[in-house]
Amino acid sequence: MAAPVSSVGKPSAERPPFSSTSFQKKTRSKLISIPGTRPSVQNGQLLVSTGVTSLDYLLGGGLAVGTVLLIEEDRFDSYSRMILKYFLAEGVVCRHELFVASAQDNPDDILQELPAPILDDVAIHKPVEQPRLSCEPQDNLDAMKIAWRYQNLPKVQSALASSSRFGHYYDVSKTMEPEIRQAAKCHRFYLPEHPTQSSTTHSRMIESYSALLKSLQEVIHREGFDLSTPMSMSRNILRVGLHSLGSALWNDDLSCHDDPMHSHALTTFLYGLRALLRSSLSVAVVTVPSHLIQDQALMGNITRLCDNAIALESFKGSERETNPLYKDYHGLLHVRQVPHLNCLASQLPDHKDLAFKLKRKQFSIERLHLPPDLSETVSRVSRGELAGAAAVASACGSGTSGNKHLDF
Amino acid sequence: MFTELSSILNATPDRFTQGEFILVSDRQSDASFLIHHFLSFYLRAHYSAISQRLGVSLTQAREKSQLIFLEGLKESLSILIPQTPQQEVKLCTSSEILLLAYRGCMSMSSDGGGEEGVEEWGPPVLLVDDVSVLLSLGVSAGAVLDFSHYCRATVCSQLQGNIVTLVRCHGEEAEDDGSDGGSEWLLKGLAHQCSLTLHVQGLPTGYCRDIHGQVEVCWRRRRGDGQHTQKKLFQYKVHNKGASFFAPGTSSAVL
């Protein structure tokens, strides 16, 4: 009885079909060196920088080529748009090609707002000092008298960074010079320019998404990002930025109704996008207004269809803006999902309580530190708020119900 | 293959029950590491180990046609972006996707049955990675249940093989809007059809670095006098070389 073992599978994030491309065969052929990329130290995947160095650190060194980063927008779409612009600006500086799609603003307007890179390395990021586990006694001034047992413990690193630099820094107060910007090749997709013909067939995706997917596929084929084209040409990376998918401007009623008619349009599009990315040298950043989507199960499906997922929650307009605990930061950042490519264990960050701050020359993501609780009321408020905010839906139960088990 | 899990399930590559339908499900967690276990387990059943991370070389298995990998992602692109209008009309119903998938699986197994390869493999095993993706593509849960029923009839009963399916859910167990399109409904339906369930969940107390979650193993044996269900609960931790399973509270980080 001879019958082979057969398996049906969608290649989920932990097993991308890179085994059929040359990325795996490092020993035999020359490693392709594409500017602006580097191989990951953990799993050998090719990584590009998102433009924000602390976000690169959170995602495990960078964004792997062929994957999708989902950004759940903050309420006014200010910081998610900022990260999208960082991503595109990084593409310009690394001389990658860009593909920008938007239904709200003209892609040309988005491209004109890109931040200016700091190219002369003035803001050199000093590598974070390694925590010292020194055995010899420290200075008399630093020596702890009461809590001396904690003397030799490592200092907590609040800023997230790795020792090697990868990526560039940008000055948000200036926009990029037109000469630098025009040196990069940009492909645009502006939805009002694509008239949607009403088709009689009941297609799975709505018109705007299928037009976008088709346009992206054409660009990939035409410009040679497909992995099936011969390797003799010099390769480059295509950076795809998709702004505010799922909003009503894309003719999608996901964010308008509790029971949308096209409930599978966005998920089908994301599936097709992933299929396109896995078979080409491209990387995508998608922003979704998740605060408008009421269905949590649908949001979970959307998150699972993307490889990396983060959510931004800004303090603007909420009562947290005046809370003294959060005075140094602009918002909270939640890591919803990090892929485990080519390995079993996932690389979720150890700390769930991350906050971000947009400074002029850096978008920094740091671990949120609480000041020491000196009064009863401050500590009560902070614990409840943080427990609600830091509920990450990955390998853990929901935060609010978890508190029941911890109360004693 | 995770040796601890194999001993929990009382199965070794040389001796395992045939005709089983195994369901792996997760809720707000990621159970895909269990798929790796089953993949290497069944490959090892007729294959000597080579030093890879889990001891099985997938590329070699593919070359010897022991493993046939049907990538829905690649095939789907031609469906999602129709090149000609005729194609769009033909593949508009969601059941077409399932029909394609089913035909794909059956053709693999029947081809293998006919060909006399160098190696003689045992009964076929069908591993379905993430049936919930079909739900996000718009396929109804009823159609997916039909698909699994037909696969089970062919693979388990007819060919005496095994099936391992992965289903992913989101949210609390009680919450269901009553519609029959949800993944909860699919999970319940599949759990009824299967003989062994591994349900992966996060810890009820929250995120922990050393314990990644808990696995509930549930055997549903059909004996002459009725159904007999046996449940066991374990906690697990996934690391690069595998996963370790232990009784709740006996994690190495705690003891």
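In this report, the structure presented in the accompanying data block is examined.

Cut-offs applied
- Residues numbered from 1 in each chain as written.
- Chains lettered and ligands numbered in written order.
- Predicted model: local features only at pLDDT ≥ 70, side-chain atom pairs only at ≥ 80, totals over all residues.
- Heavy atoms only, no water.
- Helix = DSSP H or I, 4+ residues; strand = E, 2+ residues; numbered from the N terminus.
- Buried < 20%, exposed > 50% of the residue type's maximum accessible area, 1.4 Å probe, protein only.
- Contact = heavy atoms within 4.5 Å.
- Areas by Shrake-Rupley, 256 points an atom, 1.4 Å probe, with all protein chains shown as cover.
- Expected span 1.5 Å × (residues − 1).
- Pairing = 2+ DSSP bridges.
- Axes fitted to C-alpha atoms, helices over the stretch in contact; angles between N-to-C directions.
- Salt bridge = Lys/Arg side-chain N within 4 Å of Asp/Glu carboxyl O.

Regarding the overall build of chain A
Alright, step 1. When you go through chain A residue by residue, the secondary structure sums to nine helices and 15 strands.
Alright, step 2. Scored against the burial criterion, the 408 residues of chain A give a buried share of 54%.
Alright, step 3. For chain A, contacts bridging at least 24 residues in sequence account for 73% of all contacts bridging at least 6.
Alright, step 4. A total accessible area of about 19,100 Å² is found for chain A, and carbon and sulfur atoms account for 53% of it.

Quick look at helix α2 (residues 79–93) of chain A
All names here are of chain A.
Alright, step 1. Here α2 spans 21 Å end to end across 15 residues, near enough to the 21 Å set by a 1.5 Å rise per residue.
Alright, step 2. Of all 15 residues that make up α2, 15 are buried, and the element is covered over most of its length.
Alright, step 3. Arg95 sits one or two residues past α2 and shows a positive phi near 65°.

Let's talk about the sheet that holds strand β2 (residues 37–39) of chain A
Strand pairing in a sheet takes place through backbone hydrogen bonds and is either antiparallel or parallel in direction.
Residue and element names in this part refer to chain A.
Alright, step 1. An order of β2-β3-β4 is seen for the three strands of this open sheet, with the pairing classed as antiparallel. The sheet is open, and its two borders are formed by β2 and β4 (63–64), each paired with just one other strand.
Alright, step 2. Pairing analysis gives two bridges linking strand β3 (residues 46–48) to β4, with the strands arranged antiparallel. Looking at the pairing, Val48 lines up with Leu63 of β4.

Regarding the sheet that holds strand β9 (residues 186–190) of chain A
Residue and element names in this part refer to chain A.
Alright, step 1. Taking strand neighbours across the sheet as the criterion, the nine strands line up as β9-β6-β10-β11-β5-β12-β13-β14-β15 in an open arrangement whose pairing is mixed. Because the sheet does not close on itself, it has two edges, and the strands there are β9 and β15 (363–367). Between one strand and the next, the sheet's axes are offset by a mean angle of 20°, whatever the strand orientation.
Alright, step 2. Pairing geometry for strand β12 (residues 308–314) and strand β13 (residues 331–337), over six bridges, is antiparallel. Bridged to Glu313 within β13 is Leu332.
Alright, step 3. Sitting on the sheet, α2 touches β5 (68–72), β6 (97–102), β10 (238–242), β11 (282–288), β12, β14 (354–358) and β15, and the angle it makes with β10 is about 160°.
Alright, step 4. Each of β5, β11, β12 and β13 is contacted by helix α7 (residues 296–305), which is oriented at about 150° to β5, the strand it contacts most.

Let's talk about the pattern of salt bridges
Alright, step 1. Evaluated as defined, the whole model comprises 18 salt bridges over all chains.
Alright, step 2. Of the charged contacts in the structure, one is a salt bridge between Glu113(A) and Lys85(A), with a shortest N-O distance of 3.0 Å. You can see Glu113(A) sitting in the loop between α3 (107–112) and β7 (115–117) and its partner Lys85(A) sitting in helix α2, a full 28 residues away along the chain.
Alright, step 3. Given the relative accessible area of 10%, Lys85(A) is considered buried.
Alright, step 4. The residue Asp210(B) makes a salt bridge to Lys237(B) at a minimum N-O spacing of 3.9 Å.

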